[in-house]
Each structure stands twice: as C-alpha cells, then as structure tokens.
Amino acid sequence: MKKFFSRFAVTAVAAFAFTATLPAFAQDNSPTIPRPDGKPADMSKPVQVFVLLGQSNMVGLGKVKGGDGSLEFAVKEKKKYPYLVDDAGAWTVRNDVRFVQYMSGKGPLRNEWMTVTGGNLGPEYGIGHPLGNAIDAPVMILKSCIGNRALGWDLLPPGSEGFEFTDSKGVTWVHPAYKGSPEHWKKGEEPKPIGWYAGKQYDDDTGDAKKALADLGKHYPEATKYEVAGFFFWQGERDAGSEALSSRYEQNLVQFIKQLRKDFNAPNAKFVLGTLGEAVKGSTGNTGKVLEAHLAVDGATGKYPEFKGNVATIYTNPMAQGGSGNGHYGGKAEVYMDVGEAMGKAMVDLLMATNPAQPAAAVEEDAAFFEKRYQKKITGVKPKGE
C-alpha cells in the first residue's frame, strides 16, 4: 500500500477500474470499518496530508460524553463505530494517523495520534480511520478553521473578483474582490474599510496549515517530508443566509478549489466536500442555491471537466437526522461520524480513481499491486503467492 500511495502522490497515479471486485470497505454501503492494527506507518515515505477547512461544523460541535446523542452512547450502548474502541472498551489509538488542529492563529489545539479525546468532535474520526486503513504511508489530518465564516467574504480565495448584486428590494450592493473591504456597500457610495477584508480567514486558515507543515517534525514525530494529498470542506451556512453570497457561491467554490491546490503546490490533490444537512435536493431559495453549487462541482456531473475524478460531493441530508448546520445538528455525534465516514470513503475512492492520462501498462501494474495490497490490508488474508 505504501508503495502505491507514494507513487500516487508523486505522479498522480490512481488507476483502478476494478471497483466491483474490491472489498466492501471501499464502498459507501460498508457495514463497518476495521479497527486500527496498532502499527506505525513507514516513515521512509512522505506524510500524506489532508487539510480540513470550513466553519463551525468542521470545527466540530458533536458531543463526546453524555447520554443519547453523544459518541460514548453511540459506541457503548448502540454498538456503532466499533473501530473506535478496543476489546476492553478503551478508545483506540492510531499510531499511523496524526490529528493536528489550529484555529485562527491559535494552536496547535490538538497535536496527537488519532484517538477520541476532549468534549467535542467534528468529522475527523470518520475521515481519519478510512484513510489510515487504506494508506500505509504516514497520514496527517490537519484541521484549520473557525465558525461563522462565509466563502463569499471571509474565506474568499485569492483571484476572486468583486461583483454587484441587486437585492429583492431593488437596492444594488457592491461586493469586494479578494483583499477588499468592507463586506459590501451601496452602489454609488464610498466604501469605508473595516479591520477585516475579503479573504482574511482564507489567509489565516491556509497560513496556519502551512505553519504546521513548516514545522513538520513537531506535528508528526520523525517525519521529514510531506505531500498534500487532499482537502475536505464542510461549509455554507453563512453564505446561505445571504441572497447575494448564495448567488455567487458556485463561482467562489470553483475558485476556492483551484486556489487551494495552487497555494499548497498540490495540483493533483483531491477535494471532498459535504453539503448542508438541511439542504434537500430540489429545494429553492438561498440554501437551494448553495446546495446546487455543492452538487455542481462534483466531478461526476461533468459541468467542470477539470474536476472529473478529483472532486466529490457528499449529500449529507440523509445523515443529518433532521438537524441543520446552523443548529449544529443538535450536537448529535452520529451525524458528525456518519458525514466523516462518507467523506473519508469518498476520498479513498478518489485516490483509487482511474487517471486517463496514465499509460495503460502503468495502470495495470499499479492496479494489480493495489488490489493485492488493499485486499490483504482489509481482509487480513495473505494473497496467494506471498
């Protein structure tokens, strides 16, 4: 596996057209995820970094402790997510996945081997375990975000242009380009800059992530090299509250994906995002516009050919248990876990997706190697001939 992923990250090789023959783990209908085997990663390989971005639900407001609705209850009483505990009922520890968290210049708030700690959780456990099981190279889950931030303002990526928007009352507002301020002003009036600018949170979040990676050994002991392999994004509540920002969401999201890859020098990094849990397909209004944008960038739609095989959207409504993003899903841990698992498995699928540009011989070689190693990793059965 390590051989596979290192080669993939360096050359963007991920050519596996044999999905139907893979174990159920790689599919969305997987009944469970294996427990970690306790083994460390092969430190001769670069750390595979996955950056988590968004707002409050990516930060994580699911409850770890308490009664019904908490992670403890889900695991110990409902017997869900068995990979999170060992036979004695203690939280398992992954010695191959590092969890690091920063928030607007503060941190590291978390810098540990992946295990359940603290009072709250986001989607990181559901994300980290599928990746840790599928990748033998070192894995880092690097979360860098804060709540109540809009893609069309706080998280606006470099290269974004300003625009004008006429609201339902007939008033035209000017919205700034990246680095502009304030958030908006009436057309014809002189803008009065404030102590914040369009894209400030983007700069802060990416800056924190780069700071962590610049001191790699502090955040992943003994590591000396890394590759940004993917990004996760769960956001949209703030934009859905604005008629103007929701109308611009798709354009901003496309630029966001492209700019992240550029800023982290990771042109082949995969991108997985989650929709707002309250957003239902076919809905209208601002929330409907944000949902349409989330669904549109999925590479399978074909709307953005450059995203084919490298961008995936998770429709989270079936997992939201009737909750909403603004309500933080009632703090229900299962929502955060289920969304995380879906996002993590989607990332694994993207890393396994066929790269049409890869020579056929190399595709077959890598596919055979991965199938052999992957099946051994998941089933524990030693392939014939080894």
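An account of the accompanying structure is given in this report.

**Overview of the pairing of strand E6 (residues 139-144)**
Step number 1: Counting buried positions over the six residues of E6 gives six, a clear majority of the element.
Step number 2: Burial of E6 is two-sided: the residues Val139, Ile141 and Lys143 facing one way and the residues Met140, Leu142 and Ser144 facing the other way are all buried.
Step number 3: Here five bridges tie strand E1 (residues 47-54) to E6, and the two strands are oriented parallel to one another. Along E6, the bridge assignment pairs Val51 with Leu142.
Step number 4: As paired strands, strand E3 (residues 97-103) and E6 are joined by six bridges and run parallel to one another.

**Some points on the pairing of E1**
Step number 1: Most of E1 is tucked away, with eight of its eight residues classed as buried.
Step number 2: Along E1, one buried face is formed by Val47, Val49, Val51 and Leu53 and the opposite face, lined by Gln48, Phe50, Leu52 and Gly54, is buried too.

**Digging into the sheet that holds strand E7 (residues 163-166)**
Step number 1: With respect to topology, three strands assemble into an open sheet ordered E7-E8-E9, the strand pairing being antiparallel. Pairing within the sheet leaves two strands with one partner each, and these edge strands are E7 and strand E9 (185-186).
Step number 2: Across two bridges, strand E8 (residues 172-175) lies against E9 in antiparallel orientation. If you follow Val174 over to E9, its bridge partner there is Trp185.

**Considerations on the packing of helix H9 (residues 249-263) against helix H10 (residues 285-296)**
Step number 1: For the pair H9 and H10, the least separation of the axes is 8 Å and the interaxial angle reads 35°. Every pair of crossing elements has a handedness; the one defined by H9 and H10 is right-handed. Contacts from Tyr249, Glu250 and Leu253 of H9 reach H10 at Val290, Glu292, Ala293, His294 and Ala296.
Step number 2: Looking at the contact of H9 with H10 residue by residue, the class counts come to five nonpolar, one polar and two charged.

**Let's talk about the pattern of salt bridges**
Step number 1: Summed over the entire model, instances satisfying the criterion amount to twelve salt bridges.
Step number 2: Ionic pairing is found between Lys179 and Asp203, a salt bridge with its closest N-O pair at 4.0 Å. Placement of the pair is Lys179 in the loop between E8 and E9 and Asp203 in helix H5 (residues 200-214), with a sequence separation of 24 residues.
Step number 3: Linking Glu183 and Arg238 is a salt bridge whose minimum nitrogen-to-oxygen distance equals 3.4 Å. Of this pair, Glu183 sits in the loop between E8 and E9 while Arg238 sits in helix H7 (residues 237-240), placing them 55 residues apart in sequence.
Step number 4: The exposure class of Arg238 is partly exposed, given its relative accessible area of 24%.
Step number 5: Here the salt bridges share partners, and the residues they tie into one network are Lys78, Lys80 and Glu334.

**What to know about the packing of aromatic side chains**
Step number 1: Tallied over the full model, the rule gives twelve aromatic pairs.
Step number 2: With 5.1 Å between their ring centres and 85° between their planes, Trp113 and Tyr220 make a pair best called edge-to-face. Note that Trp113 is positioned in strand E4 (residues 106-113) and Tyr220 in the loop between helix H6 (216-219) and strand E10 (226-234), a separation of 107 residues in sequence.
Step number 3: Residue class for Trp113 comes out partly exposed when judged on its relative accessible area of 26%.

**Side note on helix H4 (residues 124-134)**
Step number 1: Counting buried residues in H4 gives eleven out of eleven residues, a clear majority hidden from the surface.
Step number 2: All buried positions along H4 are accounted for by Glu124, Tyr125, Gly126, Ile127, Gly128, His129, Pro130, Leu131, Gly132, Asn133 and Ala134.

**A word on H9**
Step number 1: When the terminal C-alpha atoms of H9 are compared, their 20 Å separation across 15 residues agrees well with the 21 Å that a helix rising 1.5 Å per residue should span.
Step number 2: Just downstream of H9 lies Asn265, where phi reads positive at about 50°.

**A few points about unusual backbone geometry**
Step number 1: In the segment running from Gly107 into Pro108, the intervening peptide bond is cis, with an omega of 10°.
Step number 2: Along the chain, Pro108 turns up in strand E4.
Step number 3: Here the phi dihedral of Gln321 falls at roughly 55°; this positive angle occurs in a residue that is not glycine.
Step number 4: In this structure, Gln321 sits in the loop between strand E12 (311-314) and helix H11 (333-351).
Step number 5: Residue classification places Gln321 among the partly exposed positions, given a relative accessible area of 38%.

What counts and how
- Residues numbered from 1 in each chain as written.
- Predicted model: local features only at pLDDT ≥ 70, side-chain atom pairs only at ≥ 80, totals over all residues.
- Heavy atoms only, no water.
- Buried < 20%, exposed > 50% of the residue type's maximum accessible area, 1.4 Å probe, protein only.
- Helix = DSSP H or I, 4+ residues; strand = E, 2+ residues; numbered from the N terminus.
- Pairing = 2+ DSSP bridges.
- Axes fitted to C-alpha atoms, helices over the stretch in contact; angles between N-to-C directions.
- Left-handed = near helix turned anticlockwise from the far one by under 90°.
- Contact = heavy atoms within 4.5 Å.
- Nonpolar A, V, L, I, M, F, W, Y, C, P; charged D, E, K, R; others polar.
- Salt bridge = Lys/Arg side-chain N within 4 Å of Asp/Glu carboxyl O.
- Phe/Tyr/Trp six-rings, centres within 6.5 Å; stacked < 30°, edge-to-face > 60°.
- Expected span 1.5 Å × (residues − 1).

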